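A closer look at the structure
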Amino acid sequence: MKTLGKVLRILSIVTGLFFIVTFIVYFENLDMKAASKVMPLMQKHYDSRPRTRKL
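What counts and what doesn't
Residues numbered from 1 in each chain as written. Predicted model: local features only at pLDDT ≥ 70, side-chain atom pairs only at ≥ 80, totals over all residues. Heavy atoms only, no water. Phe/Tyr/Trp six-rings, centres within 6.5 Å; stacked < 30°, edge-to-face > 60°. Helix = DSSP H or I, 4+ residues; strand = E, 2+ residues; numbered from the N terminus. Buried < 20%, exposed > 50% of the residue type's maximum accessible area, 1.4 Å probe, protein only.

Quick look at the packing of aromatic side chains
This structure, assessed with the given rule, holds 2 aromatic pairs. Taking the centre distance of 6.3 Å and the plane angle of 25 degrees together, the rings of Phe 19 and Phe 23 count as stacked. Here Phe 23 and Phe 19 lie together in helix α1 (residues 2–28), a separation of 4 residues that amounts to about one turn. Note on Phe 23: relative accessible area 44%, which makes it partly exposed. The interplanar angle of 15 degrees and the centroid separation of 6.0 Å between the aromatic rings of Phe 23 and Phe 27 together place this pair among those described as stacked. Residue Phe 23 and its partner Phe 27 are both found in helix α1; the two are separated by 4 residues, about one turn of the helix. Exposure remark for Phe 27: the relative accessible area of 61% places this residue in the exposed category. Through pairs of rings, three or more aromatic residues link up here, namely Phe 19, Phe 23 and Phe 27.

Focus: unusual backbone geometry
Phi is positive for Asn 29, which is not a glycine, with a value near 60 degrees. Mapped onto the fold, Asn 29 is located in the loop between α1 and α2 (30–47). In this structure Asn 29 comes out as partly exposed when scored by relative accessible area, which is 38%.

Dropping the structure here:
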């Protein structure tokens, strides 16, 4: 029974930390800020790829 309590305690701590981290990402809009930094690199890569035009 002690191991079940330890597992549940660890699981609740991990779940709480996950919620806090996702709330901070949502509140600060960090996903869009990261995307704005990565998009120019991705655009450069995809613009340099050869294209085949087939309709």
